[in-house]
Amino acid sequence: MITLTDYLVVSGALFAVGAYGLVTKRNAMRLVFSVEMLINAANINFIAFNRYLWPEALGQTIVLFSIALAAGEAAVILAVVVVAYRLHEDVDVSELRSLEG
Amino acid sequence: MVDLTDIVFVGMSVVVVGGAISALEAREIVYGAIGLAFSFFGVAGLFFLLDAPFVAVFQITVYVGAVAVLILFTVMLVREGRWMRDSLSSTGRLVGVLTAVVLAVSLALAFAASSLLKTAEQATAPSFTGIGQYIAVQYAPALELLGLVLAAAILGAMMLAKVERKDKP
């Protein structure tokens, strides 16, 4: 039998991997991967809590909104990455300093 | 007692976490993008196990079908030798692993301390027909706003690409 804790452990593991990527990686694409992982971990939590603790589908509704927002966010980030690559020939975020004062 | 659901759950969990790790650690970033797609797919499987089929299918169409493909296209569009390089300092990696471990341990301790988690699964799954009512009635303004945000995101992405094209007549 699968308990709520099992789902939370999976989502916690996914979140930890995403946080590891955010801290370690300097490649902009890998940072995008990490952010998507964090969002997915949160979504798993929403659905799991909804299944175990709440009789209506409110959590599922919130996750639908979250997925749609994440899609828009990914589109903008990827456009920025492409532009940064064309301008700097590089996607190492520690090299992108043109906004630095 | 082990039944089919447990096996599927373990398999999906392995796909989710393994795909995430390979997304970050694969040497070629293209393979990383494919690992990320597998991870998204595993999350959709977990949604199916949690009796949320509508959200699961939405996850597959949007994440696996759109976002993962978008990421794959971007990776291939700007593919070059320097692109693959992943600056890895051992101290940076140590800090990253430490962050992940501390986060995971603190989350596990919080789970263990919570009495909420001992509640049993509800007898009936929340029906996804309720989603329609939420979206159409209670959260209709949020839906409208979401449409505006998505339109703005698409316009912004197009503007970014267009400015770039003007540089190269």
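Everything numeric here is computed off the predicted structure, so don't read it as measured data.

## Describing the overall build of chain B
Secondary structure summary: chain B contains seven helices and zero strands in total. Helices and strands appear in chain B in the N-to-C order α-α-α-α-α-α-α. Residue burial in chain B is summarised as follows: out of 169 residues, 32% are buried. Considering only intrachain contacts with a sequence separation of at least 6, the fraction spanning at least 24 residues in chain B is 56%.

## Looking at the environment of Ala-100 of chain B
By the secondary structure assignment, Ala-100 of chain B is in helix α5 (residues 90-113). Once residues lying within four places of it in the same chain are set aside, the contact partners of Ala-100 of chain B are Ala-16 and Tyr-20 of chain A.

## Some points on unusual backbone geometry
Comment: phi is negative for the bulk of residues other than glycine, and the bulk of peptide bonds are trans. Residues and elements named next belong to chain B. Although it is not a glycine, Asp-51 sits at a positive phi angle of roughly 60 degrees. Along the chain, the position of Asp-51 falls in the loop between α2 (29-49) and α3 (53-77). On the basis of relative accessibility, which here comes to 33%, the residue Asp-51 falls in the partly exposed class.

## Observations concerning the interface of chain B and chain A
Every contact between the two is made by 82 residues of chain B and, on the other side, 73 residues of chain A. Summing both sides of the interface, chain B and chain A together bury roughly 7100 Å²; the carbon and sulfur share of this comes to 72%. Between chain B and chain A we count two salt bridges in total. Our enumeration of links across chain B and chain A arrives at ten residue pairs in polar contact (both at pLDDT 80 or more). Elements with a contribution of two residues or more to the side of chain B that touches chain A: α1 (4-25), α2, α3, α4 (81-84), α5, α6 (129-138) and α7 (140-167) of chain B. Residues of the side of chain B that touches chain A, tallied by class, amount to 55 nonpolar, 14 polar and 13 charged.

## Topic: the packing of aromatic side chains
Residue and element names in this part refer to chain B. Inspection of every chain in the model, using the stated rule, returns seven aromatic pairs over all chains. Measuring from centroid to centroid gives 6.5 Å for Phe-54 and Phe-128, while their planes differ by 10 degrees, and the two rings are stacked. With Phe-54 in helix α3 and Phe-128 in the loop between α5 and α6, the pair connects residues that are 74 residues apart, well separated along the chain. For Phe-54, a relative accessible area of 40% translates into the label partly exposed. On the accessibility criterion, Phe-128 (41% relative accessible area) is partly exposed.

## Some words on the nonpolar core
Counting residues in hydrophobic clusters, the biggest one holds 61 residues, and the most contacted among them are Tyr-7, Phe-33 and Met-37 of chain A together with Val-55 and Ile-71 of chain B. Contributing elements (two or more residues each) for this core: α1 (4-24), α2 (28-53) and α3 (58-88) of chain A together with α1, α2, α3 and α5 of chain B. When residues no more than four places from it in sequence are discounted, the contact partners of Ile-71 of chain B are Met-29, Val-32, Phe-33 and Leu-78 of chain A together with Ala-33 and Leu-36 of chain B.

Basis of the calculations
Residues numbered from 1 in each chain as written. Chains lettered and ligands numbered in written order. Predicted model: local features only at pLDDT ≥ 70, side-chain atom pairs only at ≥ 80, totals over all residues. Heavy atoms only, no water. Helix = DSSP H or I, 4+ residues; strand = E, 2+ residues; numbered from the N terminus. Buried < 20%, exposed > 50% of the residue type's maximum accessible area, 1.4 Å probe, protein only. Contact = heavy atoms within 4.5 Å. Buried area = accessible area lost by both parts, 1.4 Å probe. Salt bridge = Lys/Arg side-chain N within 4 Å of Asp/Glu carboxyl O. Polar contact = N/O pair within 3.5 Å; in protein donor to acceptor, adjacent residues only side chain to side chain. Nonpolar A, V, L, I, M, F, W, Y, C, P; charged D, E, K, R; others polar. Phe/Tyr/Trp six-rings, centres within 6.5 Å; stacked < 30°, edge-to-face > 60°. Core = buried A, V, L, I, M, F, W, Y, C linked by side-chain atoms within 4.5 Å.

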